[in-house]
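Understanding the architecture of this molecule
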Amino acid sequence: MMSAFARFVKPAALFKRASPSAQDSSIVVDSARKASGGRTRNRVVMTMAVFLAIYSTIAGRLVWLGFQDPDASGPPPSRVTASRPDITDRNGEILATDIKTASLYAEPRHIVDADEAIDKLSTVLPDLDYEQTYHKLKSGAGFVWLQRQLTPKQQAEIFQLGIPGLGFRTEKRRFYPAGSTAAYVVGLTNIDNKGISGMEKYLDDQGLTDLQQMGLVKDMSPVKLSIDLRVQHVVHDEIVSGMERFHAIAAGAVVLNVKTGEVMAMASVPDFDPNNPYNANDKDRLNRMSAGLYEMGSTFKSFTTAMALDSGKVGMNSMFDASHPLRVGRQTIHDFHNMGRALSVTDVFIHSSNIGSAREAMAVGIEGHREFLHRMGVLERMQTELPEVATPTEPKVWKQVNSLTIAFGHGVSTTPLQTAVGCAALMNGGFLIEPTFLPRTVKQAMEGAKKVVSEKTVAALRYLYALNAEKGSGRNARVPGYRVGGKTGTAEKVINGRYSKGHNFNAFVAAFPMDDPQYIVLTIADDPKPEKPGMGATAASNAGIMAGNIIRRSAAMLGVQPDFSHENEPTLVSYQ
Amino acid sequence: MFRTSDIILIALMVSATAMTYKIKRDAEEQQTAVYRLQAQIRTENDTIDLLRADWSLLTQPARLEKLTDVYSAQLDLQPVDAHQFVKLGDLPAKPLTIEDLTKQGGDMADSGQDRIVTGAVQ
């Protein structure tokens, strides 16, 4: 503006200098300029004022806008969720995956015609509630959700409709197709897609989250578990129906590969649906197989027998007096079925004699007993991938009475999974192999294996397991063709500090096929009642039946060849 | 007025401008195509993820078990029994009848075209 003014003044000066000879004409010009000079000045000032006003208005408006809060519309800030690798079972079936879901929102202020918008929307979303949506769109609110979790197809179709004022917000969500079937093993993630339990937590503990934050991991290959979804379903199905059938407060089972330590299936009920885990933190929602501590009862006699035989102090034909209860200090050890005679090691095992087992432990001694159970890993904290692992408890000081009761599984608490692992060592040739939830080969397993008992002890234990399933308490778990062996365990539960007669914790450990054991199945039933009044509530009549059913339904999937050459029943191969 | 070299230079300039413009245009179009393809790939990937989840949901053993129960009348599927597994070696040999023997022999004689090619046949 100033320059314009300057330019206006300058020509006159130039004119004067350029033509000093033309004084006469310059007078006319000069006077003409003078005649209108005052008004020109005024015009210039006015123009300046107008422009100044316009620009200052704009500047003022900008400052005012700068101080204004932005319009409170639009979706809430989106959660940044890290992507996680898929989790699959050993056959590649998906157990957990990330899916992207889009949610539809509207900004009613920007909706031009609510009726038209709803009409168009209902072509894609037929179950849209007309009235409710209409009120939402007419509400004048800054932001409303219309429909959560659309499929990509629906999203694309709504996008194609081109309705103004609608938008999408995509979110990653963890989805578990198997639902509650493998809930405890697979685990859960929280709202930020971080693992909080099970294998999901294990993955995060392996440094996955750190890698992601550094942006190193983009495409993650799926993580394969050792779980077989089909077997897992069988196990879950059996314990769910078993818990109901035997009126138990909880049930659980694990199928363990004896040679590799892989957990093929593990489930515990009551459980939760990982897709809607509203009750996952309830008090009774606990992975009882690895995080529950129980006095395992007579299944511990497997260890007592193995210990007695492995020590070399006891042979298969050693006799133990079990004709009358054993008195230690103030306590008396009874038998459930007193045979009233001296029993051999075989008889002690088959008749599940508490007195006999106590005498076996006595033969080995307190220190030897304690050392053996630690060697078998049943009193150590288990080393495995699953974060939910309980630490077994034992008496601080082992006295004679402790050793004698521990011989038949009372006085120490351990997890069922550990018991299964210990029994696996007694079946696979004497190698203690830590359980794993990731695939492992026999070779890898043997690298970390620890020899705990001799071949001879293993052979004796295999014989006892097989015999017990044929003649002893394990008959309910027998499955034709699959040569099942097993041991029952009925432990009285401690209620208010006393062993209670009416409440049991039952377990059954089964191995099959007995000629070369491949798998251990351990089932538990917490506080089961007789199925029908008058029927038994011991381990054989609930945990044993569950184990038998699991083996019957899953043996073929586990790749065990049926063989009837050991069965006594005549087989007829029909010819034509 | 204009020298030939001027005309050539002007022509060069004009054509260079035209070419630059065209290349720029083409590049922009290609870029748009790339963005579109990237968006398409993202959608496809998301859809694949979703379909895989869907597939595993539909093939859940629990669901299949329920379905076999519901359609047991039509499908008549039963859990496999241990007795139904037989090794190949356990199968009895197929009994031979005299007809089989003669038929087999007959086939050989009738349609037995010799596959050996000798120098004389060609």
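The model shown is predicted, which means the values in this text are computed figures rather than measured ones. (Residues numbered from 1 in each chain as written. Chains lettered and ligands numbered in written order. Predicted model: local features only at pLDDT ≥ 70, side-chain atom pairs only at ≥ 80, totals over all residues. Heavy atoms only, no water.)

1. Comments concerning the overall build of chain A
- Scanning chain A from terminus to terminus reveals 18 helices and 18 strands.
- When burial is assessed residue by residue, chain A has 49% of its 576 residues classed as buried.
- Considering only contacts within chain A whose residues lie at least 6 apart along the sequence, 71% involve residues at least 24 apart.
- Put simply, chain A shows about 28000 Å² of open surface, and 55% of that area lies on carbon and sulfur atoms. (Helix = DSSP H or I, 4+ residues; strand = E, 2+ residues; numbered from the N terminus. Buried < 20%, exposed > 50% of the residue type's maximum accessible area, 1.4 Å probe, protein only. Contact = heavy atoms within 4.5 Å. Areas by Shrake-Rupley, 256 points an atom, 1.4 Å probe, with all protein chains shown as cover.)

2. Considering the interface of chain B and chain A
- The interface is formed by 21 residues belonging to chain B together with 25 residues belonging to chain A.
- Summed over both partners, the interface of chain B with chain A buries about 2000 Å², with 65% contributed by carbon and sulfur atoms.
- Asp46(B) is paired through a salt bridge with Lys100(A); the nearest N and O atoms lie 3.5 Å apart.
- Joining chain B to chain A, the criterion identifies three residue pairs in polar contact (both at pLDDT 80 or more). (Buried area = accessible area lost by both parts, 1.4 Å probe. Salt bridge = Lys/Arg side-chain N within 4 Å of Asp/Glu carboxyl O. Polar contact = N/O pair within 3.5 Å; in protein donor to acceptor, adjacent residues only side chain to side chain.)

3. Considerations on the packing of aromatic side chains
Residues and elements named next belong to chain A.
- Under the defined criterion, the tally for this structure stands at ten aromatic pairs over all chains.
- Their ring planes at 40° and their centres at 5.1 Å tell us that tyrosine 105 and phenylalanine 143 sit as a pair that is tilted. One end of the pair, tyrosine 105, is in strand S2 (residues 94-106); the other, phenylalanine 143, is in the loop between helix H4 (130-138) and strand S3 (144-150), with 38 residues separating them in the sequence.
- Given the relative accessible area of 11%, tyrosine 105 is considered buried.
- By way of ring pairs, the aromatic residues Tyr105, Phe143 and Trp145 are connected into one cluster.
- For lysine 451, the ring lying beneath its charged end belongs to phenylalanine 431, and the centroid distance is 4.7 Å.
- The aromatic ring of phenylalanine 349 is capped on one face by lysine 487, whose charged end is 5.5 Å from the ring centroid. (Phe/Tyr/Trp six-rings, centres within 6.5 Å; stacked < 30°, edge-to-face > 60°. Lys NZ or Arg CZ within 6 Å of the ring centre and 35° of its normal.)

4. A word on the sheet that holds strand S9 (residues 263-269) of chain A
All names here are of chain A.
- Across the sheet, five strands lie side by side as S9-S8-S18-S17-S16; this open sheet has antiparallel pairing. With one partner strand each, in any of the chains shown, S9 and strand S16 (485-495) form the two edges of the open sheet. Ignoring which end each strand starts from, the neighbouring axes of this sheet average 15° apart.
- Bridge count for strand S8 (residues 250-257) against strand S18 (residues 519-526) is eight bridges, and the pairing is antiparallel. The residue of S18 that forms the bridge with valine 255 is valine 521. (Pairing = 2+ DSSP bridges. Axes fitted to C-alpha atoms, helices over the stretch in contact; angles between N-to-C directions.)

5. Re a nonpolar patch on the surface
- On the surface, Val50(A), Phe51(A), Ile54(A), Tyr55(A), Ile58(A), Leu62(A), Trp64(A) and Leu65(A) cluster together into a nonpolar patch covering about 820 Å² of accessible area.
- Within the secondary structure, Leu62(A) is located in helix H2 (residues 23-67). (Patch = residues over 30% accessible without salt bridge, like charges linked within 9 Å, V, L, I, M, F, W, Y side chains within 5 Å.)

6. Overview of unusual backbone geometry
- Each neighbour pair has its own omega, and for Val269(A) with Pro270(A) the value is 0°, a cis peptide bond.
- Unlike most non-glycine residues, Ser352(A) shows phi in positive territory, near 50°.

7. Overview of the pattern of salt bridges
Residues and elements named next belong to chain A.
- The final tally for this structure, using the stated rule, is 29 salt bridges over all chains.
- For the salt bridge of glutamate 200 with arginine 84, the shortest nitrogen-to-oxygen distance reads 2.9 Å. Of this pair, glutamate 200 sits in helix H7 (residues 198-213) while arginine 84 sits in the loop between H2 and strand S1 (87-88), and the two are 116 residues apart along the sequence.
- With a relative accessible area of 5%, arginine 84 lands in the buried category.
- The closest approach of N and O atoms between aspartate 228 and arginine 230, which form a salt bridge, is 2.9 Å.
- Overall, aspartate 228 belongs to the buried group, its relative accessible area being 3%.

8. A word on the confidence of the model for chain B
Residue and element names in this part refer to chain B.
- Mean pLDDT for chain B: 84, with 84% of residues reaching 70 or above.
- At the level of individual helices and strands, chain B shows its lowest average pLDDT in helix H4 (residues 98-110), which scores 63, and its highest in helix H1 (residues 4-58), which scores 93.
- Reported confidences for the modelled complex are a pTM of 0.77 and an ipTM of 0.70. (pLDDT = per-residue confidence, 0-100.)

9. Side note on the pairing of S9(A)
Residue and element names in this part refer to chain A.
- Here S9 lies mainly inside the structure; seven of its seven residues are buried.
- Bridge count between S8 and S9: six bridges; the pairing is antiparallel. Paired with alanine 253 across the bridge in S9 is alanine 267.
- Where S8 folds back on S9, the antiparallel hairpin that results is connected by five residues, among which glycine 261 adopts a positive phi of roughly 80°.

10. Some remarks on the nonpolar core
Residue and element names in this part refer to chain A.
- Ranked by size, the top nonpolar core spans 83 residues in total, and within it Leu225 and Ile520 carry the most contacts.
- With eight residues, helix H15 (residues 416-427) is the single largest residue contributor to this core.
- The next biggest cluster of nonpolar side chains, apart from the first, holds 31 residues, and it includes Met264, Val484, Tyr519 and Phe564. (Core = buried A, V, L, I, M, F, W, Y, C linked by side-chain atoms within 4.5 Å.)

11. Some remarks on the layout of surface pockets
All names here are of chain A.
- By volume, the largest pocket amounts to about 1400 Å³.
- Lining the largest pocket are 41 residues, with Asn354, Phe408, His410, Glu492 and Lys501 sitting closest to its centre.
- Among the secondary structure elements, those contributing two or more residues to the lining of the largest pocket are strand S12 (331-333), helix H14 (400-406), S16 and strand S17 (498-512).
- Among the elements that make up the lining of the largest pocket, the one with the highest residue count is S16 (six residues).
- In terms of residue class, the lining of the largest pocket is built from eleven nonpolar, 21 polar and nine charged. (1 Å grid on protein atoms, 1.4 Å probe; cavity = no way out; pocket = protein on both sides within 12 Å on 5 of 7 lines; lining within 4 Å. Points joined across faces, edges and corners; volume = space filled by probe spheres on them. Nonpolar A, V, L, I, M, F, W, Y, C, P; charged D, E, K, R; others polar.)

12. With respect to the packing of helix H10 (residues 301-311) of chain A against helix H17 (residues 455-470) of chain A
Residue and element names in this part refer to chain A.
- One way to put it is that H10 packs onto H17 with a least axis distance of 9 Å and a crossing angle of 140°. Between H10 and H17, the angle falls in the class oblique. Handedness of the crossing formed by H10 with H17: right-handed. Between H10, through Ser302, Thr305, Ala306, Leu309 and Asp310, and H17, the contact on the second element is made entirely by Thr457, Ala460, Leu461, Leu464 and Tyr465.
- Partitioning the contact of H10 with H17 into residue classes produces six nonpolar, three polar and one charged. (Parallel < 35°, antiparallel > 145°, perpendicular 65-115°, else oblique. Left-handed = near helix turned anticlockwise from the far one by under 90°.)

13. Description of the packing of helix H3 (residues 114-124) of chain A against helix H5 (residues 152-161) of chain A
Residues and elements named next belong to chain A.
- Axis separation between H3 and H5 bottoms out at 9 Å; the angle between their running directions is 150°. As the angle between them shows, H3 and H5 are arranged roughly antiparallel. Our pair here, H3 against H5, has a crossing hand that is right-handed. Of the residues in H5, those touching H3 at Lys120, Leu121, Thr123 and Val124 are Gln154, Glu157, Ile158 and Leu161.
- Its residues assigned to classes, the contact of H3 with H5 shows four nonpolar, two polar and two charged.

14. So, empty space enclosed by the protein
Residue and element names in this part refer to chain A.
- Per the counting criterion, the structure on display carries two cavities of 30 Å³ or more.
- One number sums up the size of the largest cavity: a volume of about 40 Å³.
- Around the largest cavity sit Leu256, Asn257, Val258, Gly261, Val421, Ala424, Ala425, Asn428, Phe431 and Ile433, which together line it.
- Only S8 and H15 provide two or more residues apiece to the lining of the largest cavity.

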